[in-house]
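# Close look at the chain arrangement
Now for the letters of each chain:
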Amino acid sequence: MPRLSVWLIRASFLYLLLGLLFGALILAEKGLVFYTPVWNLFPLHVEFLLIGWLFQLALGVAFWIVPRFGKGFSRGPEGLVWAAFILFNFGILIIALQFWIAPAILIGRTAEVCAGILFVFGTWKRIKPQKA
Amino acid sequence: MPLLTRTLIKTGMICLILALILGIALALGATNGLFPAYIHLLVFGWITQLIFGVVFWMFPKYSLEQPRGSEALGWWMYALLNSGLLMRAALEPIQATRPNAFSGWALVLSAALQFASGVLFVINSWKRVREK
Ligand code: HEM
């Protein structure tokens, strides 16, 4: 597994843990009503699990597993995908600050879209028959 | 494919079917706390459980003696995920319509079980995410 996939996948594991923790706190709150502000974690629960966990894990596994280029088994322009990794996580973390920074959601979503585009540019040509 | 993986994927498929049936119930106008059960049977019971199964099966070896990490931990992960999710799916609608101390505390337990299953997954998989 390449180093970049290790980063993507381990980051996704961390979001899984945090996202599940937040979900568990909200579910417990639904059971016992002990501290209503727990509901403020709700947007982070969804962001961390859908984007941070599921999407990021998919990016990490894709970068690892899709066909490589013949000579030296290159994975193409890795720099683009590193930039995608950094922008993607910047986006998620900025969105986590939405209660403190007013335009956080807009900035974060924009960063995520740019990350997605960079990832697509970085891996597009690898979506090919194994030997080509 | 190891038995744990087969069990995770097949249980995930059952969650998928249950979710799709709940989707029909929702389309027919059922409410009362069924929507969260629908979403979580899909994203946790199906997608996440499928991922847990495939990661256990295909990720790089943990060690020569224990290529897939701890199988016992894997079975605990399976049991906690499904008992927690099942409790939630059954109790959240009760808590939404006729809240009572039993379903309240049981929801707290269900939240803890589901979070714990994620922790076990990360413990068992973290070291298998590495460079080769
Ligand atoms: C990968 C796993 C998960 C994903 C992707 C996920 C995603 C979501 C989504 C999209 C919603 C919004 C549903 C809505 O609009 O009402 C939601 C709500 C919620 N989730 Fe999760 N979730 C996951 C796991 C969990 C777990 C394990 C728990 C509890 C231990 C949990 C607890 C909650 C709670 C309490 C709500 C609020 C339900 C309500 O509206 O009353 N989630 N989750």
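See the structure printed just above.
Rules and cut-offs
- Residues numbered from 1 in each chain as written.
- Chains lettered and ligands numbered in written order.
- Predicted model: local features only at pLDDT ≥ 70, side-chain atom pairs only at ≥ 80, totals over all residues.
- Heavy atoms only, no water.
- Donors = N, O, S within 2.8 Å, 3.2 Å for Na, K, Ca; no water.
- Tetrahedral: all angles 85-135°; square planar, octahedral: opposite > 155°, others 65-115°.
- Helix = DSSP H or I, 4+ residues; strand = E, 2+ residues; numbered from the N terminus.
- Buried < 20%, exposed > 50% of the residue type's maximum accessible area, 1.4 Å probe, protein only.
- Salt bridge = Lys/Arg side-chain N within 4 Å of Asp/Glu carboxyl O.
- 1 Å grid on protein atoms, 1.4 Å probe; cavity = no way out; pocket = protein on both sides within 12 Å on 5 of 7 lines; lining within 4 Å.
- Points joined across faces, edges and corners; volume = space filled by probe spheres on them.
- Nonpolar A, V, L, I, M, F, W, Y, C, P; charged D, E, K, R; others polar.
- Phe/Tyr/Trp six-rings, centres within 6.5 Å; stacked < 30°, edge-to-face > 60°.
- Lys NZ or Arg CZ within 6 Å of the ring centre and 35° of its normal.
- Axes fitted to C-alpha atoms, helices over the stretch in contact; angles between N-to-C directions.
- Left-handed = near helix turned anticlockwise from the far one by under 90°.
- Contact = heavy atoms within 4.5 Å.

## Brief notes about the coordination of the iron atom of the ligand
Every protein donor of the iron atom of the ligand is accounted for by His45 of chain A (NE2) and His40 of chain B (NE2), and the metal-donor separations fall at 1.9 Å. Classification of the site at the iron atom of the ligand rests on its six donor atoms, whose angles at the metal span 87 to 180°, yielding the label octahedral. One end of the pair, histidine 45 of chain A, is in helix α2 (residues 42–65); the other, histidine 40 of chain B, is in helix α2 (residues 34–58), on a second chain. Both residues of the pair, histidine 45 of chain A and histidine 40 of chain B, count as buried.

## A short note on the pattern of salt bridges
Per the stated rule, a full pass over the model turns up five salt bridges over all chains. With its nearest N and O atoms 2.9 Å apart, the salt bridge here joins arginine 109 of chain A to glutamate 112 of chain A. In this pair, arginine 109 of chain A and glutamate 112 of chain A both sit in helix α4 (residues 104–123), three residues apart, roughly one turn of the helix. Residue arginine 109 of chain A is classed as partly exposed on the basis of its relative accessible area, which comes to 36%. On the basis of relative accessible area, glutamate 112 of chain A is assigned to the buried category, the value being 10%. The partner of arginine 88 of chain B in a salt bridge is glutamate 92 of chain B, with the nearest N and O atoms 2.8 Å apart. You can see arginine 88 of chain B and its partner glutamate 92 of chain B sitting in helix α3 (residues 71–97), four residues apart, about one turn around the helix. For the residue pair arginine 88 of chain B and glutamate 92 of chain B, the accessibility class agrees, reading buried in each case. When salt bridges with common partners are traced through the structure, they connect Lys30 of chain A together with Arg88 and Glu92 of chain B into a single cluster.

## Looking at the layout of surface pockets
If a probe as big as a water molecule is rolled over the atoms, it shows which places are left empty. Computed from the structure, the largest pocket encloses a volume of approximately 560 Å³. Secondary structure elements with two or more residues in the lining of the largest pocket: α1 (3–32) and α2 of chain A together with α2, α3 and α4 (101–125) of chain B. Looking at side-chain class alone, the lining of the largest pocket contains 19 nonpolar, five polar and three charged residues.

## A word on the packing of aromatic side chains
Ring pairs (aromatic) are described by centroid distance and by the angle formed between their planes. Taken as a whole and judged by the stated rule, the model has 15 aromatic pairs over all chains. Note on phenylalanine 52 of chain B and phenylalanine 121 of chain B: the rings are 4.0 Å apart at their centroids and 10° apart in plane angle, and the pair reads as stacked. Of this pair, phenylalanine 52 of chain B sits in helix α2 while phenylalanine 121 of chain B sits in helix α4, and the two are 69 residues apart along the sequence. Per residue, the accessibility class of phenylalanine 52 of chain B equals that of phenylalanine 121 of chain B, and both read buried. Among the aromatic side chains, those forming a connected cluster through ring pairs are Phe13 and Trp53 of chain A together with Phe52, Phe121 and Trp126 of chain B. For the cation-ring pair, arginine 126 of chain A lies above phenylalanine 63 of chain A, with the distance from its terminal atom to the ring centre recorded as 5.3 Å.

## With respect to the packing of α2 of chain A against α2 of chain B
Close contact between α2 of chain A and α2 of chain B brings their axes to 13 Å; oriented N to C, the two are set at 30°. In the crossing of α2 of chain A with α2 of chain B, the sense of the turn from one axis to the other is left-handed. Residues His45, Leu50, Trp53, Leu54, Leu57 and Trp64 of chain A of α2 of chain A lie in contact with α2 of chain B, whose contacting residues are His40, Val43, Ile47, Thr48, Ile51, Phe52 and Met58 of chain B. Residues of the contact of α2 of chain A with α2 of chain B, tallied by class, amount to 10 nonpolar, three polar and no charged.

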